Every structure is written in C-alpha cells, then in structure tokens.
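# Observations on the model geometry
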Amino acid sequence: MRALQLTDPGVLEIREVPVPEIGPSDLLIRVGAAGICHSDLHLLHFPVKMREEPLTLGHEIAGTIEAVGSEVDGRHAGERGIIYLCWSCGVCRECVSGNENVCMAAGRTAMPPCPGLGPDGGMAEYVRVPARSFVPIGDLDFQQAAPMADAALTSYHAIRGAMEHLRPGSTAVVIGIGGLGHVAVQILRAVSATRVVAVDVGAAQLDLAKRCGAEIALESGPATSRQILDLTEGRGADAVFDFVGIDATARMSVESVAPNGTYRMVGLGGGVPGVTAEPAGGPGWPWGASVRKSYGGTRSDLIDSIALARSGRLTVEVDPFDLADARTALDRLEAGQIRGRAVLLP
Ligand code: NAD
Ligand code: ZN
C-alpha cells in the first residue's frame, strides 16, 4: 500500500509499505480521508527523528473497518467511523473520569500516544488502530468526518471548558481562522449566544470567518488588541481562543482579555504566556483572568462534534488532495493558501 512517511527530519516520501498486521484488540481501517493539521508541519520541521523507522503521518482519520482483531467485541467489517486520537491507558484516574486527553500514563507534561506522532498514522491506504479508538459516524461524509478527529475535537474541547464565559452579551475572540479556527467559530455560534470576533493575517481567512458566523473580522497586528478593547467598551473579551500560539498572539490575548475572562491557548507556535508575553498573574493581566493550555479533547467532545456535523450546524470547508499530492498540500498549508482544512484521499 502507499503511505506518506517522514523518513528523516524534514524529509517526506510516498512509500510502498506492507498493509499493517493487526493484533487481537486492533482494527484494520481502510482510510477514506485523512486531514492535514498544522501540527503535521510542526512535525515536518521538528529537528530530531521522531523514531528510528519511517513514520506514517496522519492523526485525522476517517474510514471503514476492513478487519477485526480476534478479541474485539461489538465491531464488524464495513462499519464507517473516525479514530479518537488519544490512545490513552483507559484505567488511570483521569481516563476513568473521562479526561483521556490528559491520561496520566503519558506523564505530567506529555500527551498520550497519537496515530501519526508515534504509532503510524492514517495518511495511507490502511492503518492499524486499537479497537477502542473507533467512533462511528453514521452516514457522515469521510471528508467532513476526518477533520472532526482533531480540528473539531480540539476546538470543541477548548470551547466547552470555557462555557461559563460565553453568556449572552459576551465577546469571544478567535485568533487564527484555519482548520481549527473556522470550525471554532461555527461551534461558538452553535453552542452559545456569544459575539464572535475573528482575527487572522489573511483577507480570505477573514472572509471565511464571516461566512462561518463571525460578527466582526479583524486583521491581526499590533493594533488588534486596542480594536478589541474599543469593541468592548474598554473591558476586553470574555474569552480569547488562540489557534496560532506565537509571541505576537499571546501578547494580543493578554492585552485584550477581560477581567474574569479567559485565555485558551491551543496553537503550538511556541509563544508561552508568562515567558514571552507577561507573567501569568503579572501586572498586565486583569484581575480574575485565567489561562489554560488546551490539548485535544475527550471522547465525549468527539461524539458531540460528530453530532454537530451530522445536524448540519458544523460544516468543514474542505480542500481535497490525492494522497500522491500530499507535499503540494503541505506546502500550500505552510504558505497560507489552504482555506479551511486540506484532506488527503488515498
Ligand atoms: P492552520 O494553518 O490551518 O491555521 C492557522 C491560521 O492562523 C491561518 O489561517 C493563518 O493565516 C493564521 N495566522 C498565522 N499567523 C497569524 C497571526 N499572527 N495572527 C492571526 N492569525 C494568524 O492551522 P491549524 O491546523 O488550524 O492549527 C492551528 C494551530 O493549532 C497549530 O499550531 C497546530 O499545531 C495547533 N494544534 C494544537 C492542538 C492542541 O491540541 N493543542 C491540536 C491541533 C492543532
Ligand atoms: Zn492535530
């Protein structure tokens, strides 16, 4: 089968590899679509080898069950679904509380194993997954379904945890209207009455934000936090969701969050509030403001995201590519030329 593999830091190749063998508690999935996340670009630029053998990328996987391990109950060939990306232990204190995204087995600051980041991922014709990770999608289209596995899961998780800040009359800022951000704008509209202010560097992205339901779209720059303060009578935004996570957006967030408001940091651009912006709790922070570093989401967040998509309240703007054109798709993502989410079709 064909697979998109990272063979060395910065080196991607489409390689012919064997179809994976499955163990007793696994499923073999025939991939229908695999989303490309900006994290795949971070991985591509990661300076050290992720593991000794080549690694198949892809953590947003939708497909059909091809084969079922001998000890798996309740699953059968032909079922359609997506793969929950937190391959957590399932038995630690956090997992049994439903917080599998912060599984204790992974360690205090690490994340649980994730396809395409340690185990082989879904940018291939087939992928081996633990049966527990399979989540049915009904008749949802594969291209719509794949981005649920991360773009929607992660956005939904960040928003659900901030619901107390999203009362009627509140303002939520979404920074970075890419794969995650354009989904986040729609989720905010679907689950709350908050006013959504979108921020991006690109005009096309701001246009997409408007179509997704943002009331106001602002170009990102040094004056953005002042504009947000002006829009909120000087108070600031009740919640700021940062899907970029660089120094500039961390600073913007601290400068524009309201007293008792919250800053949810999702983007992995390397900006760290408290180091690059203003010490968390320092004099630049309004009283009562909080910051949360948000990873992935829970299994229940994934089920809710799928329900939003199936009800028509969440539609991913999809840019499809053949698996063979993965390099072009990644280059376009890096150049800011993808609208919404690029997905690969094997
Ligand atoms: P993307 O490339 O699709 O979107 C990023 C958007 O940010 C683009 O629209 C771009 O124009 C915009 N942007 C860039 N610089 C900006 C700036 N200075 N101000 C405002 N907007 C700016 O990326 P994505 O796939 O949506 O991922 C976003 C980030 O979230 C990445 O860093 C990714 O690694 C990270 N991520 C984190 C998690 C998590 O669990 N924490 C999960 C998935 C992705
Ligand atoms: Zn991701």
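Residues numbered from 1 in each chain as written. Chains lettered and ligands numbered in written order. Predicted model: local features only at pLDDT ≥ 70, side-chain atom pairs only at ≥ 80, totals over all residues. Heavy atoms only, no water.

Here is the rule: UniProt positions are given in the numbering used here, feature names are shortened, and annotations may be inferred rather than shown by experiment.
For the protein, the name recorded in an unreviewed UniProt entry is NAD(P)-dependent alcohol dehydrogenase, with Rhodococcus zopfii as its organism. The Sequence similarities (unreviewed entry) comment attached to the protein in UniProt states, word for word, "Belongs to the zinc-containing alcohol dehydrogenase family." Recorded in UniProt for the protein, the comment headed Cofactor (unreviewed entry) runs: "Zn(2+)".

## Some points on the overall build of the protein
Rules: Secondary structure elements are defined from DSSP: runs of H or I of at least 4 residues count as helices, runs of E of at least 2 residues count as strands, and each element is numbered from the N terminus. In this treatment the radius of gyration is a C-alpha quantity, and the globule benchmark scales as 2.2 Å times the residue count to the 0.38 power. Summary of the burial criterion: residues with accessible area below 20% of their type's maximum are buried, those above 50% are exposed, and those between are partly exposed, where the area comes from a 1.4 Å probe applied to protein chains only. For this analysis, residues touch if any pair of their heavy atoms sits within 4.5 Å. Surface accessibility follows the Shrake-Rupley procedure with a 1.4 Å probe radius. Residue values consider only the protein chains on display as shielding. We count Lys and Arg on the positive side and Asp and Glu on the negative side, and we leave His and both chain ends out. Charged side chains are reduced to one point each, which is NZ for Lys, CZ for Arg, CG for Asp and CD for Glu.
Scanning the protein for helices and strands turns up 10 helices and 16 strands. A compact globule built from 346 residues would reach a C-alpha radius of gyration of about 20 Å, and the protein, at 20 Å, matches this within 12%. C-alpha extents for the protein along the principal axes are approximately 60 × 40 × 35 Å. Within the span of the protein, comprising 346 residues, buried residues form 52% of the whole. Nonlocal contacts in the protein, meaning residues at least 24 apart in sequence, comprise 71% of its contacts between residues at least 6 apart. As presented, the protein carries roughly 14,600 Å² of accessible surface, and 51% of it is formed by carbon and sulfur atoms. Positive and negative charge centroids in the protein, built from 30 and 40 side chains respectively, lie 5 Å apart.

## Here's the deal with the packing of helix 7 (residues 224-231) against helix 8 (residues 247-256)
We apply this condition: To get an axis, fit a line to the C-alpha atoms, keeping to the stretch in contact for a helix; angles then go from 0 to 180 degrees between the N-to-C directions. Any angle between 65 and 115 degrees counts as roughly perpendicular, while under 35 counts as roughly parallel, over 145 as roughly antiparallel, and the rest as oblique. By the definition used in this description, the sense in which the near helix is turned from the far one sets the handedness, with an anticlockwise turn below a right angle giving left-handed and a clockwise turn giving right-handed.
Where helix 7 meets helix 8, the axes come as close as 9 Å, and the angle between the chain directions of the two elements is 25 degrees. In terms of orientation, helix 7 and helix 8 fall into the roughly parallel class. Helix 7 and helix 8 meet at a crossing whose hand is right-handed. Of the residues in helix 8, those touching helix 7 at T224, S225, I228 and L229 are M252, E255 and S256.

## Quick notes on the sheet that holds strand 4 (residues 55-56)
Note the cut-off: The rule for pairing is simple: two strands pair if DSSP sees at least two bridges between them.
Spatial ordering of the open sheet is given by 2-1-4, a layout of 3 strands whose pairing is antiparallel. The open sheet is flanked by strand 2 (11-16) and strand 4, the only strands paired with a single partner. Relative to strand 2, strand 1 (residues 2-8) is paired through 6 bridges, and the arrangement is antiparallel. Across the sheet, the residue bridging to A3 is R15, located in strand 2.

## Quick look at the packing of helix 4 (residues 151-160) against helix 9 (residues 299-310)
Under the convention used in this document: Note on residue categories: nonpolar means Ala, Val, Leu, Ile, Met, Phe, Trp, Tyr, Cys or Pro, charged means Asp, Glu, Lys or Arg, and polar means any other residue, Gly included.
It is the contact of helix 4 with helix 9, at a shortest axis distance of 9 Å, that shows an interaxial angle of 110 degrees. Here helix 4 is positioned roughly perpendicular relative to helix 9, judged by the angle of their axes. Together, A152, L153, Y156, H157 and R160 of helix 4 and D301, L302, D304, S305 and L308 of helix 9 make up the contact between the two elements. Counted by class, the contact of helix 4 with helix 9 contains 5 nonpolar, 2 polar and 3 charged residues.

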